[in-house]
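# Understanding the architecture of this molecule
As a plain string of letters, each chain reads:
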Amino acid sequence: TMSLNSSTLLNEENPQGIKPITKYSESPELQTPSSFQDNPLQQLQLASQEVLEKAKKSGRSKCPRCSSSRMFYCYTCFVPVETVPTKEIPVVKLPLKIDIIKHPNETDGKSTAVHAKLLAPDDVTIYKYPCIPEYKEKRHETALIFPGPNSISVKDIALHLQKYAKKSICDNDDDDCSREPFLKQAKIEAEEKHLKERISSNRSESTRLKKIVFIDSTWNQTNKIITDERLQGLLQIELKTRKTCFWRHQKGKPDTYLSTIEAIYYFLVDYHQEVLKENYKGQYDNMLFFFSFMYTLIKNAKCCAGKD
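Residues numbered from 1 in each chain as written. Predicted model: local features only at pLDDT ≥ 70, side-chain atom pairs only at ≥ 80, totals over all residues. Heavy atoms only, no water.

## With respect to the pairing of strand S8 (residues 142-145)
- Alternating residues of S8 divide into Thr-142 and Leu-144 and Ala-143 and Ile-145, and every residue in both groups is buried.
- Bridge count between S8 and strand S9 (residues 211-216): three bridges; the pairing is parallel. Within the sheet, the bridge partner assigned to Ala-143 lies in S9 and is Ile-212.
- As paired strands, S8 and strand S10 (residues 235-237) are joined by three bridges and run parallel to one another. In the sheet register, Ile-145 faces S10, and the bridge partner there is Ile-237. (Buried < 20%, exposed > 50% of the residue type's maximum accessible area, 1.4 Å probe, protein only. Helix = DSSP H or I, 4+ residues; strand = E, 2+ residues; numbered from the N terminus. Pairing = 2+ DSSP bridges.)

## Details of the nonpolar core
- In terms of nonpolar packing, the biggest core is built from 56 residues, with Ile-212, Phe-267 and Met-287 touching the most fellow members.
- For this core, the element with the highest residue contribution is helix H8 (residues 260-274), accounting for nine residues.
- Each of two domains, domain 1 (45-89) and domain 2 (95-165 + 207-307), supplies a minimum of three residues to this core.
- Leaving out residues up to four positions away in the same chain, Ile-212 has contacts with Leu-96, Lys-97, Ile-98, Asp-99, Ala-143, Leu-144, Ile-145, Ile-237 and Phe-267.
- Within the second largest apolar cluster, twelve residues are counted, among which are Ile-101, Tyr-135, Ile-215 and Ile-226. (Core = buried A, V, L, I, M, F, W, Y, C linked by side-chain atoms within 4.5 Å. Domains from an automatic or database assignment. Contact = heavy atoms within 4.5 Å.)

## Some thoughts on the side chain of Asp-216
- Topologically, Asp-216 is positioned in strand S9.
- Here Thr-260 takes part through its side chain, which lies 2.6 Å from a polar atom of the side chain of Asp-216.
- Residues contacting Asp-216, with those up to four places away along its chain left out, are Ile-100, Ile-101, Lys-102, His-103, Glu-106, Ser-111, Ala-113 and Thr-260. (Polar contact = N/O pair within 3.5 Å; in protein donor to acceptor, adjacent residues only side chain to side chain.)

## A word on the packing of aromatic side chains
- In this structure the tally under the stated criterion is seven aromatic pairs.
- An angle of 75° between the planes, with centres 5.2 Å apart, marks the rings of Tyr-73 and Phe-290 as edge-to-face. In this pair, Tyr-73 is assigned in strand S4 (residues 73-74) and Phe-290 in helix H9 (residues 289-304), connecting sequence segments 217 residues apart. Comparing Tyr-73 with Phe-290 shows no difference in burial state: the two are buried.
- Summarising the aromatic geometry, the rings of Phe-289 and Phe-290 are spaced 5.3 Å apart at their centres and angled 85° between planes, so their arrangement reads as edge-to-face. Accessibility classification places Phe-289 together with Phe-290 in one group, the buried group.
- Here the guanidinium or amino end of Arg-70 rests over the ring plane of Tyr-75, the centre of that ring lying 4.1 Å away. (Phe/Tyr/Trp six-rings, centres within 6.5 Å; stacked < 30°, edge-to-face > 60°. Lys NZ or Arg CZ within 6 Å of the ring centre and 35° of its normal.)

Take a look at the structure:
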């Protein structure tokens, strides 16, 4: 069983619906461009949501694949409903692939993970546990978002992948690496230099993160998934602390528990700035296309009902 600080994860289910499962360590030095303050989603650079406004007025519609009655999109087929033309939904191109591992007991209709698949269909894959990929052979280019005791920050990804790449080279060159403990210091240093040169010669491939894995489940379900042998050995990444905008936030609970789509969005922003070293100009804001619309919809409904 993995030992975790009780303050890092939500240790009970949200009885009202989606479960924001993750709480990240406090690192206030980085402010996201799309600030989540008093009006947290106002600054997002989003595509027109007129198509969602029209769909809201029309009411529930059929899924073009399974014919189920849904609002906005089908959460089992991962496609918009008939009243929401696919061509009017923004498509977000991501800098890496995303795998989402969803627990089978997680309610499909109450998970924000589907938003990622709808908005970045070419880069996002959703798996239902226990049917998940084998990551061992790709561990030098794959990481898992999880606040474990050995988790690193986004800015340290490249450094740690370099170590994974070196280990991968050793695994494929047992002859040289197995002799290291018995070589003289000079020869050890020479071989280490050789390893670094081999890594550097193909740096863009050997130290580049190609896939990030997210877990979509409650705390208890997450604990079961995270101990799965197929996820062992993956680099674990912990995100900076942000405040959730999730409308099913539990009363009395910290506001730093994020929904899955929020965690994905924030990771992409951090990755863009701290790993790709590029200015963030809203490139991934549309990952919150559905989330922000629902947030506003529910907020307005509460205001009309006289609630805070």
